[in-house]
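# Structure assessment
Here's the letter readout for the chains.
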Amino acid sequence: VPTDGSHWLSMREVVDILGQKGHEVVVLAPEVSMQIKPSKNFLLKKHSAPLNHEEMEKEFNAFLQSLFVEGSFLQRYVNIYEHMKRLGNLSVTCCELLLQNKELIRYLEEAKF
């Protein structure tokens, strides 16, 4: 269950190679994703997301902008921390939505995950 960004970019090559070697690979991803796209090397199963694409881009861009805000070290630290906390909370909500998806959980149970 990858998350968008560096986690997925690090996993993508491994997932592709496993699929190329004949392994059955299933990737669970939110409906709204910036990096996770379908591939012939794995089955992509999507679940609901806490934000739409526009909202997600807005959150991500706000985080990127927070990295370049001027101010004291403490002000910058608190600002970045708040954005990281928000992104972390969105990840938790995304995981909760995955676990609440009865159809997807049933698929995983039937596939003997």
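With an unreviewed UniProt entry as reference, the chain is termed UD11 glucuronosyltransferase, source organism Myiagra hebetior.

## Overview of the nonpolar core
Soluble globular proteins tend to bury their nonpolar side chains together. Grouped together as the largest cluster of nonpolar side chains are eight residues: W8, V15, V25, V27, A29, I36, F42 and L44. Secondary structure elements with two or more residues in this core: α1 (6–20) and β1 (26–30). In contact with V25, other than residues within four places in its own chain, are V15, L18, G19, N41, F42 and L43. If you look at the next biggest cluster of nonpolar residues, it comprises five residues, including V26, L28, L98 and L108.

## Describing helix α2 (residues 53–66)
Across its 14 residues, α2 extends 20 Å between first and last C-alpha, which sits within 8% of the 20 Å expected from 1.5 Å per residue. M56, E59, F63 and S66 are the residues of α2 that are buried. Angular distribution of buried residues about the axis of α2 spans 90°; they occupy a single face of the element. Facing away from the buried side of α2 by over 90 degrees, the exposed positions are E54, K58 and Q65. Looking at the packing, one finds that the buried side of α2 touches α3 (73–100). At the N-terminal boundary of α2, the capping side chain belongs to N52, with an oxygen 3.1 Å from the backbone nitrogen of E54.

Definitions and cut-offs
Within every chain, residues take consecutive numbers counted from 1 along the sequence as written. Residue-level local features of this predicted model are given only where pLDDT is at least 70; pairs of side-chain atoms are given and counted only at 80 or more, and the full residue set underlies all totals for whole chains, interfaces and linings. Side-chain measures were taken over the full set of non-hydrogen atoms in the model, leaving aside hydrogen atoms and water. We call a set of buried Ala, Val, Leu, Ile, Met, Phe, Trp, Tyr and Cys residues a nonpolar core when their side-chain atoms join them within 4.5 Å. For each residue, the accessible area found with a 1.4 Å probe, counting protein chains only, is set against the maximum for its type, and the residue is called buried under 20%, exposed over 50%, and partly exposed in between. Helix and strand assignments come from DSSP, with helices taken as H or I runs of at least 4 residues and strands as E runs of at least 2, each series counted from the N terminus. The contact criterion used throughout is that any non-hydrogen atoms of two residues lie within 4.5 Å. Here a helix's expected span is defined as the number of its residues, less one, multiplied by 1.5 Å. Picture the helix axis, draw a direction to every C-beta atom, and the arc is the one those directions span. Here a polar contact means two N or O atoms within 3.5 Å. Within protein one must be a hydrogen donor candidate and the other an acceptor candidate, and residues neighboring in sequence count only if both atoms are side-chain atoms.

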